[in-house]
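A look at the structure
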Amino acid sequence: MAQNFYSNSQLPSDMSTAISRTAKPSSEFYSIFSEEEILGIINALEIRREIPLKYSYKGRGAKIWDDFYLKYLIPRWYRTSNVEIELLKANFNYFNENIKSGEKINVVDVGAGNSYPAKDFIQKLNKLDKINKYIALDISEELLDVSRNNFKKWFPQVDFISSPIDIENNSIPKKLFQNKADIEIENQAKIFLHLGVTIGNHQNRDRVFKNFRDSMEKNDFLVFTNEIGSNSTWNGNVRGGCKYHVEEIYGWVKNKIGIKSEDCELVRKYDLKTDSIVANMRFHHDYTINFSLTGIDKNIEISEGEEITIWRHHKYEISQLLQELERSELELIQYSTDKYKSHIMVICKVASN
């Protein structure tokens, strides 16, 4: 580490001050993000020392996620199950029984990614002639392109709509639910999917739940998945997204922000303040990150030893989950867990009161 180097060197005291570096985001960085998103990144860095995970799905980050999913999460001959696909399968009868006879539904997939988790679910609805259209929403337009290509290949006859959205900052526009005649069918049920244990990655879960609540009508369902258990009991073993996806994100951030590999290291740990498992970039030197674009000129100063969060995940204990849903005026209808009791699928509706 840099500190040990200085303590073991015979440099004069006036030369042994901390080395400072300057990072300048690449031109690709500025092409990927809108001005609003760049300001969001700057604010997150300045206020809470974080580059929100949601931004890592844009640009080449879309391919990183798609490759990770196809390599580690999609069912294969040697890995015949996927937790989310199995949980959706286990809960399908509930939806089938609660959809009115002759009624078709809109499936609204928020954080759709490559749409693989919803594929079997859509296939079953389609066979029963119960799906009106599939609406793919994601912060990443590149991932929406992946979703569109996949979906049109799987279900060429099903109406597909996509739109970029940041569910942490926006509710879902009702115009997306309208049919081609610009008519929104009243009381037509919608199933909102928020899969990929994504709820545990958000920085502000309350705001996400409230945005879902504001997008829903009384007959709609919200379905989301997450890991369950105590975050603080994490044993330090990295697996799944915490290992493979994080490694790719770490490389992506260094490349796009302009930080040299030898100037930082990747640290995974439990963060008491956010009650989450986090992956952080720890700096070996003082660093200045210089954001410079028309209308933006901002320096973020990072001190040696400081850390920037690039990935987070929060597990739920049931009591806390109920509290968060209640605060957002959502009502838990039912939930189920996988056979290892490591993952949960939650089904909610708008609270009746």
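Across the sheet, seven strands lie side by side as β4-β3-β2-β5-β6-β13-β12; this open sheet has mixed pairing. Each edge of the open sheet is held by one strand with a lone partner, namely β4 (159–164) and β12 (330–337). Averaged over all adjacent pairs, the angle separating strand axes in this sheet is 20 degrees, with direction ignored. The strands touched by helix α5 (residues 83–98) are β5 (190–194), β6 (221–227), β12 and β13 (343–350); relative to β13, the strand with the most contacts, the crossing angle is about 30 degrees. Taken strand by strand, helix α7 (residues 141–154) contacts β3 (131–138) and β4, and its axis lies near 175 degrees from that of β4.

So, about the sheet that holds strand β10 (residues 296–302). Pairing is mixed in the open sheet, where three strands are placed in the order β1-β9-β10. Of all strands in the sheet, those bounded by a partner on one side alone are β1 (20–23) and β10. Between one strand axis and the next, the sheet turns by 20 degrees as a mean value, whatever way the strands run. Helix-sheet contacts for helix α3 (residues 35–48) involve β9 (286–293) and β10, and the interaxial angle to β10 is about 25 degrees.

Bringing the nonpolar core into the picture now. Ranked by internal contacts, the top residues of the largest apolar core, which has 75 residues, are Tyr 134, Leu 193, Phe 291 and Trp 311. Ranked by size, the runner-up nonpolar core spans 26 residues in total, among them Ile 199, Phe 212, Met 216 and Cys 348.

Three or more residues of helix α6 (residues 119–127) are buried, namely Phe 121, Ile 122 and Leu 125. Buried residues of α6 fall within an arc of 95 degrees about the axis and therefore sit on the same side. On its buried side, α6 packs onto α5, β2 (105–110), β3, α7 and β5. Remark: Asp 129 follows α6 within two positions and exhibits a positive phi of approximately 60 degrees.

Position of Asn 114 relative to the elements: it lies in the loop between β2 and α6. A polar contact of 2.9 Å, which involves the side chain of Asn 114, links it to the side chain of Asp 66.

Now for the confidence of the model for the protein chain. With 92% of its residues at a pLDDT of 70 or more, the protein chain has an overall mean of 91. Low confidence marks residues 1–17, where pLDDT is under 50. Its contacts with residues over four positions away, or in another chain, come to ten contacts.

Turning our attention to the layout of surface pockets. Its volume calculated, the second largest pocket comes out at about 370 Å³. At the level of elements, α3, β7 (264–271), β8 (276–283) and β11 (307–313) are the ones that each hand at least two residues to the lining of the second largest pocket. A per-class count over the lining of the second largest pocket returns two nonpolar, six polar and nine charged.

Now for the packing of α5 against α6. The contact between α5 and α6 brings their axes to 9 Å, and the two run at 25 degrees. On the basis of the axis angle, α5 is roughly parallel to α6. As for how α5 packs across α6, the hand of that crossing is right-handed. Residues Ile 85, Leu 88, Lys 89, Phe 92 and Phe 95 of α5 form the contact with α6, whose own contacting residues are Asp 120, Phe 121, Lys 124 and Leu 125. Each residue belonging to the contact of α5 with α6 can be placed in one class, and the counts come to six nonpolar, no polar and three charged.

Time to look at the environment of Ile 122. Note on placement: Ile 122 falls in helix α6. Here the alpha-carbon distance between Ile 122 and Leu 293, two residues 171 residues apart in the chain, equals 43 Å. Those residues within four positions of Ile 122 in sequence are excluded, and the remaining contacts are Val 107, Ile 131, Tyr 134, Phe 151 and Phe 155.

Any two packed helices are characterised by the angle at which their axes cross and by the distance between the axes. Packing of helix α4 (residues 61–72) against helix α9 (residues 240–257) leaves a shortest axis separation of 10 Å and a crossing angle of 155 degrees. When the interaxial angle is binned, α4 and α9 end up roughly antiparallel. α4 and α9 meet at a crossing whose hand is right-handed. Touching Gly 61, Ile 64, Trp 65, Phe 68 and Tyr 72 of α4 are Gly 240, Gly 241, Tyr 244, His 245, Glu 248 and Trp 252, all from α9. In terms of residue class, the contact of α4 with α9 is made up of six nonpolar, four polar and one charged.

A few words on the packing of aromatic side chains. The description of two aromatic rings rests on the distance between their centres and on the angle between their planes. On inspection of all chains with the given rule, the structure shows 26 aromatic pairs. Geometrically, the ring pair formed by Tyr 72 and Tyr 244 is stacked, given 4.1 Å between the ring centres and 15 degrees between the ring planes. Highlighted residues: Tyr 72 in helix α4 and Tyr 244 in helix α9, separated in sequence by 172 residues. Judged by its relative accessible area of 28%, Tyr 72 falls in the partly exposed class. Pairing Phe 209 with Phe 224 gives two aromatic rings, centres 5.3 Å apart and planes at 55 degrees, and the pair type is tilted.

So, on to the side chain of Asp 338. Within the element layout of this structure, Asp 338 appears in the loop between β12 and β13. Despite its burial, Asp 338 pairs with no opposite charge, the nearest such side chain being Lys 341 at 7.8 Å. Separated by 2.8 Å, the side chain of Asp 338 and the backbone nitrogen of Ser 342 make a polar contact. Engagement of the side chain of Asp 338 in a polar contact is seen with the backbone nitrogen of His 343, the distance being 2.9 Å. Among all residues touching Asp 338, those that are not within four sequence positions of it are Val 83, Leu 87 and His 343.

Thresholds applied
- Residues numbered from 1 in each chain as written.
- Predicted model: local features only at pLDDT ≥ 70, side-chain atom pairs only at ≥ 80, totals over all residues.
- Heavy atoms only, no water.
- Pairing = 2+ DSSP bridges.
- Helix = DSSP H or I, 4+ residues; strand = E, 2+ residues; numbered from the N terminus.
- Axes fitted to C-alpha atoms, helices over the stretch in contact; angles between N-to-C directions.
- Contact = heavy atoms within 4.5 Å.
- Core = buried A, V, L, I, M, F, W, Y, C linked by side-chain atoms within 4.5 Å.
- Buried < 20%, exposed > 50% of the residue type's maximum accessible area, 1.4 Å probe, protein only.
- Arc of directions from axis to C-beta.
- Polar contact = N/O pair within 3.5 Å; in protein donor to acceptor, adjacent residues only side chain to side chain.
- pLDDT = per-residue confidence, 0-100.
- 1 Å grid on protein atoms, 1.4 Å probe; cavity = no way out; pocket = protein on both sides within 12 Å on 5 of 7 lines; lining within 4 Å.
- Points joined across faces, edges and corners; volume = space filled by probe spheres on them.
- Nonpolar A, V, L, I, M, F, W, Y, C, P; charged D, E, K, R; others polar.
- Parallel < 35°, antiparallel > 145°, perpendicular 65-115°, else oblique.
- Left-handed = near helix turned anticlockwise from the far one by under 90°.
- Phe/Tyr/Trp six-rings, centres within 6.5 Å; stacked < 30°, edge-to-face > 60°.
- Lys, Arg positive; Asp, Glu negative; His and termini not counted.
- Salt bridge = Lys/Arg side-chain N within 4 Å of Asp/Glu carboxyl O.

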